[in-house]
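Listed below, chain by chain, are the residues.
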Amino acid sequence: MIKVVFSLVILIATSSIGYIYASRYNHRVQQLRHILHGIQLLETEVLYSSNPLPEAMKRAGERSHPSVSGIFLDTAQCLYSRKGLSLSEAWNNAVEKHAAHGPLQDIDQEVLMDFGKQLGTSDKDNQKKNFHMVTLELQKQQLFAEEERSKNEKMCRSLGILAGLAIVIVFI
């Protein structure tokens, strides 16, 4: 009886680990989708509503998904507080702070930081091009993330279950 309970505990634990690793791939896809939506909100605020960048960041952050709104709100707060940081520095600090604990990869963070370097440094036409470029890059990263998810999500789940079965077989 103890062997059966012990075997079930091992199988459930390893399966759970597999599902947790598999969910990371899905989280990255969702996070990129939310960031893309936030960037589009920012584009609307800057190009079409002609709001100043601190106000545009604040409004985009308030309307973004909670998982990414902190990037926009922290940038806006930093700009409002006038700590002496440029927009690029405030944006990069916010991206680093919020991406450090999230599912984003280094390449995703690099795309966002490159966007921040160009944000607010030129006229509306060039800003429109900058928003278009970051949108294309984020969509490309989203496609890569979806491909990676489709390849690896099922594998992680299966490996978790199979590892549990292997451990159970070895102990029995």
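It should be noted that the structure appears before, not after, this text.
Calculation criteria
Residues numbered from 1 in each chain as written. Predicted model: local features only at pLDDT ≥ 70, side-chain atom pairs only at ≥ 80, totals over all residues. Heavy atoms only, no water. Phe/Tyr/Trp six-rings, centres within 6.5 Å; stacked < 30°, edge-to-face > 60°. Helix = DSSP H or I, 4+ residues; strand = E, 2+ residues; numbered from the N terminus. Core = buried A, V, L, I, M, F, W, Y, C linked by side-chain atoms within 4.5 Å. Buried < 20%, exposed > 50% of the residue type's maximum accessible area, 1.4 Å probe, protein only. Contact = heavy atoms within 4.5 Å. Expected span 1.5 Å × (residues − 1). Axes fitted to C-alpha atoms, helices over the stretch in contact; angles between N-to-C directions. Parallel < 35°, antiparallel > 145°, perpendicular 65-115°, else oblique. Nonpolar A, V, L, I, M, F, W, Y, C, P; charged D, E, K, R; others polar. Salt bridge = Lys/Arg side-chain N within 4 Å of Asp/Glu carboxyl O.

### Describing the packing of aromatic side chains
Within the structure shown, the criterion is met by four aromatic pairs. Judged by centre distance (5.6 Å) and plane angle (75°), the rings of Trp91 and Phe115 are edge-to-face. Placement of the pair is Trp91 in helix 4 (residues 87-99) and Phe115 in helix 5 (residues 106-118), with a sequence separation of 24 residues. Ring pairs connect the aromatic residues Phe72, Trp91, Phe115 and Phe131, which therefore count as one cluster.

### Remarks on the nonpolar core
Ranked by size, the top nonpolar core spans 35 residues in total, and within it Ile39, Leu42, Trp91 and Leu138 carry the most contacts. Listed by contribution, the elements that provide at least two residues to this core are helix 1 (2-48), helix 2 (53-63), helix 3 (66-81), helix 4, helix 5 and helix 6 (124-171). Considering every element that reaches this core, the biggest residue donor is helix 1, with nine residues. Sequence-distant contacts of Trp91, that is, excluding residues within four places in its chain, are made with Ile39, Met57, Ile71, Phe72, Thr75, Leu112, Met113, Phe115 and Gly116.

### Regarding the side chain of Asn130
On the secondary structure map, Asn130 appears in helix 6. Aside from chain neighbours lying at most four places away, what touches Asn130 is Phe115, Gln118 and Leu119.

### Quick look at helix 5
The terminal C-alpha atoms of helix 5 lie 19 Å apart, and with 13 residues this matches the ideal 18 Å at 1.5 Å per residue to within 8%. Of the residues making up helix 5, those classed as buried are Asp108, Gln109, Val111, Leu112, Met113, Phe115 and Gly116. Where the residues of helix 5 are buried, they touch helix 1, helix 4 and helix 6. Note on helix 5: the residue one or two positions beyond its end, Gly120, has a positive phi of about 80°.

### Topic: helix 4
Spanning 13 residues, helix 4 covers 18 Å between terminal C-alpha atoms, matching the ideal 18 Å at 1.5 Å per step. Along helix 4, the residues classified as buried are Leu87, Ser88, Ala90, Trp91, Asn92, Ala94, Val95 and Ala99. Where helix 4 is buried, its residues contact helix 1, helix 2, helix 3 and helix 5.

### With respect to the environment of His132
Of note, His132 is situated in helix 6. With 38 residues separating them in the primary sequence, His132 and Ala94 have C-alpha atoms 21 Å apart.

### Considerations on the packing of helix 5 against helix 6
For the pair helix 5 and helix 6, interaxial distance at closest approach is 10 Å and the crossing angle is 180°. In terms of orientation, helix 5 lies roughly antiparallel with respect to helix 6. Across the interface between the two elements, Ile107, Asp108, Val111, Leu112, Phe115 and Gln118 from helix 5 touch Gln127, Asn130, Phe131, Val134, Glu137, Leu138 and Gln141 from helix 6. Within the contact of helix 5 with helix 6, the residues separate by chemical class into seven nonpolar, four polar and two charged.

### Examining the side chain of Thr75
Locating Thr75 in the fold gives a position in helix 3. The residues touching Thr75, leaving out its near neighbours within four places in the chain, are Met57, Leu87, Ala90, Trp91 and Ala94.

### Observations regarding the pattern of salt bridges
Evaluation of the coordinates by the stated rule reveals ten salt bridges. Linking Arg28 and Glu148 is a salt bridge whose minimum nitrogen-to-oxygen distance equals 3.1 Å. Of this pair, Arg28 sits in helix 1 while Glu148 sits in helix 6, and the two are 120 residues apart along the sequence. On the basis of relative accessibility, which here comes to 4%, the residue Arg28 falls in the buried class. Close ionic contact of Arg59 with Glu45 constitutes a salt bridge, the shortest N to O distance being 3.7 Å. Pair noted here: Arg59 is in helix 2 and Glu45 is in helix 1, with a separation of 14 residues, a long-range link. Ionic contacts of the salt-bridge type, sharing partners, join the residues Arg28, Asp108 and Glu148 into one network.

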